[in-house]
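Descriptive analysis of the structure
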Amino acid sequence: MLELFTTLTLSAIFAFLLNKWKKSQNSKSTKKPPPGPRKLPIIGNLHQISNPPFRCFRDLSNQHGPLMHLQLGESTAVVVSSPELAKQMLKDLDPGFADKPRSTAGEIMFYNYSDIAICPYGGYWSQMRKLCINELLSPKMVRFSRSIRDDQLARLVESLRECSGRAVDLTEKILFNSNFFTCRVACGGVVEDNETLLRLILESTQVVVSFEVADLFPSWRIVSAMSWTRRRLKTMRCKLDKIMDDIIDRHRRNRLSGLGNSEFGSEDLVDVFLRVQEEGKLRYSITNDNIKAVLYDVFIGGTETSSTTIDWAMVELLRHPRVMAKAQGEVRQVLNGNNAEHTFKYLKLVIKETLRLHPPAPLVPRACKDEQVINGYTIPAGQQVFVNIWAMQRDPRYWNDPEKFEPERFEDQSVDFMGGDYHFLPFGTGKRMCPGMTFGLANVESALAQLLYHFDWKLPGGVRAQDLDMNENNGVTAARKHNLFVVATPYK
Ligand code: HEM
């Protein structure tokens, strides 16, 4: 009897395991990953990846299709390069692809993903995003911060006037200006150790997009433990902590004495975070680290994306004197007209065209929440996905003469960056679309208007506009590889 029972039990276990194995074999054969280049053992496609990745992804996608699978060491990536697929993933299946990929840089620099931009999709993310929009990024708040923006730009104009007639590093001036403005509106003043903050922003965004060996080979624990990048990130995080702690301490002190920290004497973004933290009524209670993570997002968003766009616009204007003259003519006519309700129609087209050719976030990183099937290919849960908006915005199937800088192309078509035209997504789309669009555009437009109004621009002696290097660096924001040096002549 015992023998029979044992035989039956063993047979049942065997049948169960056989069934499971068959199922797994079946699902393996039906679950097809998207096509991609041939993979080598261990490294996969790593040998085919070069910097900047969005250019190399575009070239590979031209051979392997708009839904492409890459093996990057032990990790994998899916690259999307067509508006139809971008719509499917970011709109039709939203929030199916509203998660964010994990990385060593995200864990260390963004306080274990507790910011907004790389935070997992869910209740905490939604709460922090809403707070930021209500207190800083909404159109109302952007109008409210206009006096600080104007004051900061007046300082920029003044400092350029002091350098007039000689070559000046415009890229650096614009970068500092955007950062000062962002710090003034978000935390009531310029950060004391501003140079370190800027260096951290530039360095950490560079690391976020580089392929870190510990992320590519997560099972090689020894590699991760010895990773030089990990140590570099930890050093950066210590410096960032010091700056952030100073900001929070200053705010706490002033709050105790009943003072708001904003330049208008009311609450700024940090005050609001501290108040809601103290009140303890939030659904997801927040720690100081959470406040630091979100503040770092705001510093990066407010500094790098806007200054990169202004910088590229100036480079393109210098390369296209006709466009420069037309934009400058409009700005001077409007600002000389004393019309408070002015709008810069042509300048807006220049900004659109700059964002088309030089999107500050060329690869929109997302991750798949649950398994999805797209065009017959399986995208597993957790898969990291890069939407190559840079490639789509230069694709000859959607744009005439796509490499040409021609603001007029937007004149007679209704293509906009509000997230509904999937071949033009400089601010992304769907649930995770950029919440800083109004804030960023206001900075870019007012800075360009002031630069064009107050100065005539030329390149330093011997440099020809057509010789300017148009390559990008490898940071998150695809800034120009080299700083722009120009000579500004004040407009009388
Ligand atoms: C020219 C200016 C800017 C451009 C082109 C830009 C572009 C982008 C893009 C492409 C994304 C990803 C969207 C997606 O996944 O669909 C993004 C996200 C984000 N941006 Fe911007 N951005 C700009 C300015 C700003 C500013 C000024 C701020 C804040 C001060 C900001 C804060 C953020 C944040 C917090 C996210 C993450 C949103 C989320 O994951 O929910 N951005 N931005």
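Cut-offs and rules
- Residues numbered from 1 in each chain as written.
- Predicted model: local features only at pLDDT ≥ 70, side-chain atom pairs only at ≥ 80, totals over all residues.
- Heavy atoms only, no water.
- Helix = DSSP H or I, 4+ residues; strand = E, 2+ residues; numbered from the N terminus.
- Buried < 20%, exposed > 50% of the residue type's maximum accessible area, 1.4 Å probe, protein only.
- Pairing = 2+ DSSP bridges.
- Axes fitted to C-alpha atoms, helices over the stretch in contact; angles between N-to-C directions.
- Contact = heavy atoms within 4.5 Å.
- 1 Å grid on protein atoms, 1.4 Å probe; cavity = no way out; pocket = protein on both sides within 12 Å on 5 of 7 lines; lining within 4 Å.
- Points joined across faces, edges and corners; volume = space filled by probe spheres on them.
- Nonpolar A, V, L, I, M, F, W, Y, C, P; charged D, E, K, R; others polar.
- Core = buried A, V, L, I, M, F, W, Y, C linked by side-chain atoms within 4.5 Å.
- Expected span 1.5 Å × (residues − 1).
- Near = heavy atom within 4 Å.
- Polar contact = N/O pair within 3.5 Å; in protein donor to acceptor, adjacent residues only side chain to side chain.
- Donors = N, O, S within 2.8 Å, 3.2 Å for Na, K, Ca; no water.

Quick look at the environment of Asn474 now. Summarising the element assignment, Asn474 is placed in the loop between β8 (455-458) and β9 (485-490). Judged by relative accessible area, which is 27%, Asn474 ranks as partly exposed. Distance in space between the C-alpha atoms of Asn474 and Ser262 is 35 Å, their sequence separation being 212 residues.

It is worth spelling out the sheet that holds strand β7 (residues 384-388) at this point. Reading across the sheet, the four strands line up as β1-β2-β7-β4 and stay open at both edges, with mixed pairing between neighbours. Each edge of the open sheet is held by one strand with a lone partner, namely β1 (67-72) and β4 (363-367). Strand-to-strand twist across the sheet, computed as the mean angle between neighbouring axes with direction ignored, equals 25°. Along the sheet face, helix α2 (residues 53-64) touches β1, β2 (75-80), β4 and β7 and points at about 120° away from the line of β1.

For the rest of this paragraph, the subject is the layout of surface pockets. Taken as a whole, the second largest pocket spans an internal volume of roughly 920 Å³. Elements with a minimum of two residues in the lining of the second largest pocket: α6 (139-144), α7 (146-162), α16 (345-357) and α18 (437-454). Sort the elements by how many residues they give to the lining of the second largest pocket and α18 lands first, with seven residues. Here the lining of the second largest pocket is built from residues that sort into 13 nonpolar, five polar and nine charged.

By size, the foremost hydrophobic cluster in this structure holds 54 residues, and its most contacted members are Met314, Leu452 and Trp457. If you list the elements that add at least two residues to this core, you get α7, α8 (170-187), α14 (288-319), α15 (321-336), α16, α18, β8 and β9. The biggest single contributor to this core is α18, with nine residues. If we skip the residues at most four places from it in the chain, Leu452 touches Met314, Leu317, Met324, Ala327, Gln328, Val331, Arg332, Leu347 and Trp457. Cys119, Leu137, Cys187 and Met244 belong to the second-largest nonpolar core, a separate cluster that totals 51 residues.

For helix α5 (residues 123-137), spanning 15 residues, the distance from its first C-alpha to its last is 20 Å, which sits close to the expected 21 Å at 1.5 Å a residue. When α5 is considered as a whole, its buried residues turn out to be Tyr124, Trp125, Gln127, Met128, Arg129, Leu131, Cys132, Leu136 and Leu137.

So, about the site of the ligand. Taken together, 27 residues sit near the ligand, with Trp125, Arg129, Arg366, Arg432 and Cys434 positioned nearest. A distance of 2.7 Å is found between an oxygen atom of the ligand and a side-chain nitrogen or oxygen belonging to Arg129. Thr429 places a main-chain nitrogen or oxygen 3.2 Å from an oxygen atom of the ligand. Only α5, α14, β4 and α18 provide two or more residues apiece to the shell around the ligand. Here the element with the most residues in the shell around the ligand is α14; it accounts for six residues.

Further remarks concern the coordination of the iron atom of the ligand. On the protein, Cys434 (SG) is the one donor atom to the iron atom of the ligand, at 2.3 Å. Tracing the backbone shows Cys434 in the loop between α17 (389-392) and α18.

Before going further, it helps to spend a moment on empty space enclosed by the protein. The tally for this structure, following the rule as stated, stands at one cavity of 30 Å³ or more. Arg149, Gln152, Leu153, Asn177, Ser178, Phe181, Ile310, Asn443 and Ala447 are the residues that line the largest cavity. Within the residue set of the lining of the largest cavity, elements represented by two or more residues are α7, α8 and α18. Looking at the lining of the largest cavity, its residues break down into four nonpolar, four polar and one charged.

Another aspect to go through is the pairing of β8. Side chains Phe455 and Trp457 of β8 all project onto a buried face; the interleaved residues Asp456 and Lys458 project onto a face where none is buried. Bridge analysis of β8 against β9 gives four bridges, and the strand direction is antiparallel. Note that in β9 the partner of Phe455 across the bridge is Pro490.

By themselves, these are just geometric observations and shouldn't be taken as functional.
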